[in-house]
Amino acid sequence: MIELDEPLSDREIEELDEFLMSDATPEESMDLVTLDGFLTSLVVGPEMVPPSVWFKAVWGGEDEPRFESSQQAMRVISLIVRHFNTLSLLLEEPPDFAPILWEREVEGTTYEIADDWCCGFMEGVSLASEAWEPLFNDVENRGMLWPIVALGTEEGWEVLDADIDPDGAAQAALDDLESSVIAISRYWRERWQERRAPLREASIRPRQLRAGCDDPCPCGSGRKYKYCCAES
C-alpha cells in the first residue's frame with residue numbers, strides 16, 4: 001500500500017501531467033508546473049488553506065474534471081495530495097527542495113522557465129492574501145519574495161523589461177528562486193513558533209500555580225482550598 005507521503009515516481013509525475021493536460025480537465029486547470037508552484041506556496045505559507053478551497057483553484061474554478069470512474073478520481077486526487085505532502089517534507093529542516101520547471105533547448109543549451117511556476121505560487125498566495133501581508137510589508141525581509149514576484153506577476157515582468165539587462169535580471173531571479181522559497185518557509189515557521197511560545201507558557205503557568213485540594217486556600221481565609229474557593 002502506497003503511503004500518502006511517498007514521493008511521486010517519474011512515471012507518476014508523467015501520469016499526473018498527462019491528466020492535467022488532457023481534455024478531461026476544465027480549460028482553466030493548472031498544468032504540472034503551475035501546480036507545483038501553487039502547492040509550494042500552500043506548504044510554506046502563513047496559514048493552512050483547506051483542500052476544499054485549494055482544489056477548486058487547481059481546476060480553475062467551480063468546474064471539475066470529467067473522471068472516467070471513481071477509481072480514476074481517487075488516483076488523481078491521491079497523486080496531488082502525495083505531492084503536497086512530499087513538498088511539506090522537503091521543506092522541513094534541513095530543506096531539500098527543487099521546483100518542477102519547464103525547460104527549453106536553444107542551440108544545444110537547456111534553459112529553465114519559471115514563469116508558470118511563480119504564477120502558481122502567487123495563486124496560492126492570493127488564497128490567503130491577508131495572512132501574507134506581514135511579509136509583503138516587512139521592509140527588512142520582503143526581498144525574499146522578489147524572485148517569485150518578478151517572474152510571476154505583471155508588475156514583476158514590467159520591472160524586468162525595464163531593466164538595462166532584462167535577460168540577466170530574469171536569470172538572476174531564477175537563480176535565487178530555490179533559496180527564496182526556503183527563506184520564506186523559515187520566515188513563516190519562525191513567526192509561528194514565536195506566536196506559539198506565549199501560548200505554551202500561558203497554558204503551563206496556571207497549572208503550576210493552582211492550589212491542591214488540601215492546600216491552604218490562596219484567598220487567605222485559612223481554610224483548605226477544597227472547602228473554600230474550590231466550592232465557589
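Small disclaimer: the values here were computed from a predicted structure and weren't measured. (Residues numbered from 1 in each chain as written. Predicted model: local features only at pLDDT ≥ 70, side-chain atom pairs only at ≥ 80, totals over all residues. Heavy atoms only, no water.)

Asker: Could you clarify how one ought to interpret the environment of G152 in this entry?
Answerer: Position of G152 relative to the elements: it lies in helix α7 (residues 146-152). According to the relative accessible area criterion, G152 is buried, its value standing at 10%. Considered as a pair, G152 and M122 are 30 residues apart in the sequence and their alpha carbons are 6.8 Å apart. The residues touching G152, leaving out its near neighbours within four places in the chain, are D115, C118, C119, M122 and W157. (Helix = DSSP H or I, 4+ residues; strand = E, 2+ residues; numbered from the N terminus. Buried < 20%, exposed > 50% of the residue type's maximum accessible area, 1.4 Å probe, protein only. Contact = heavy atoms within 4.5 Å.)

Asker: Explain the packing of helix α1 (residues 10-20) against helix α4 (residues 70-90) to me, please; I cannot follow it from the model alone.
Answerer: Each pair of packed helices gets described by two things: the angle between the helix axes and the distance between those axes. The N-to-C vectors of α1 and α4 enclose an angle of 115°; their axes lie 11 Å apart at closest approach. The two elements α1 and α4 cross, and the hand of that crossing is left-handed. Here α1 contributes E12, E15, L16 and F19 to the contact with α4, which in turn contributes Q72, R75, V76, L79, I80 and R82. Across the contact of α1 with α4, the residue classes break down as 5 nonpolar, 1 polar and 4 charged. (Axes fitted to C-alpha atoms, helices over the stretch in contact; angles between N-to-C directions. Left-handed = near helix turned anticlockwise from the far one by under 90°. Nonpolar A, V, L, I, M, F, W, Y, C, P; charged D, E, K, R; others polar.)

Asker: Just to check I follow, could you spell out the side chain of D31 for this structure?
Answerer: On the secondary structure map, D31 appears in the loop between α1 and α2 (32-44). At a separation of 3.2 Å, a polar atom in the side chain of D31 contacts the main-chain amide nitrogen of V33. Separated by 2.8 Å, the side chain of D31 and the backbone nitrogen of T34 make a polar contact. Aside from chain neighbours lying at most four places away, what touches D31 is L20, M21, W102 and D116. (Polar contact = N/O pair within 3.5 Å; in protein donor to acceptor, adjacent residues only side chain to side chain.)

Asker: So what exactly am I meant to see when it comes to the packing of aromatic side chains here?
Answerer: Two aromatic rings, taken as a pair, are described by how far apart their centres are and by the angle between their planes. Scanning the model with the defined rule gives 12 aromatic pairs in all. Centroid distance F38 to W54: 6.5 Å. Interplanar angle 65°. Geometry classified as edge-to-face. Of this pair, F38 sits in helix α2 while W54 sits in helix α3 (residues 51-58), and the two are 16 residues apart along the sequence. Take F38 and W54: they sit in the same class, and that class is buried. A connected cluster of aromatic rings, assembled from ring pairs, spans F19, F38, W54, F55, W59, F67 and F84. (Phe/Tyr/Trp six-rings, centres within 6.5 Å; stacked < 30°, edge-to-face > 60°.)

Asker: I'm lost on the nonpolar core in this one. Help?
Answerer: Nonpolar side chains in soluble globular proteins tend to be buried together. I80, W132 and I184 are the most contacted members of the largest nonpolar core, which totals 52 residues. Sequence-distant contacts of I80, that is, excluding residues within four places in its chain, are made with L16, L35, L39, W54, F55, V58 and W59. (Core = buried A, V, L, I, M, F, W, Y, C linked by side-chain atoms within 4.5 Å.)

Asker: Quick question: what am I supposed to make of the state of the cysteines here?
Answerer: Should the sulfur atoms of two cysteines be covalently bonded, the bond is a disulfide. The tally for this structure, following the rule as stated, stands at 0 disulfides. Free of any disulfide, C118 has its nearest cysteine sulfur in C119, 7.3 Å distant. We classify C118 as buried; its relative accessible area is 0%. (Disulfide = S-S within 2.5 Å.)

Asker: Would you explain the environment of L89 in this entry?
Answerer: Positionally, L89 belongs in helix α4. Judged by its relative accessible area of 41%, L89 is partly exposed. Remark: the alpha-carbon pair of L89 and E6, spanning 83 residues in sequence, is separated by 9.9 Å.

Asker: Just to check I follow, could you spell out the pairing of strand β1 (residues 102-106) for this structure?
Answerer: Here is the key point about a regular strand: its side chains alternate between the two faces of the sheet. The buried fraction of β1 is low, at 0 of 5 residues. Note: β1 against strand β2 (residues 109-113), 5 bridges, orientation antiparallel. Bridged to E103 within β2 is E112. Following β1, the chain reverses through 2 residues before pairing antiparallel with β2; E107 in that reversal takes a positive phi of roughly 50°. (Pairing = 2+ DSSP bridges.)

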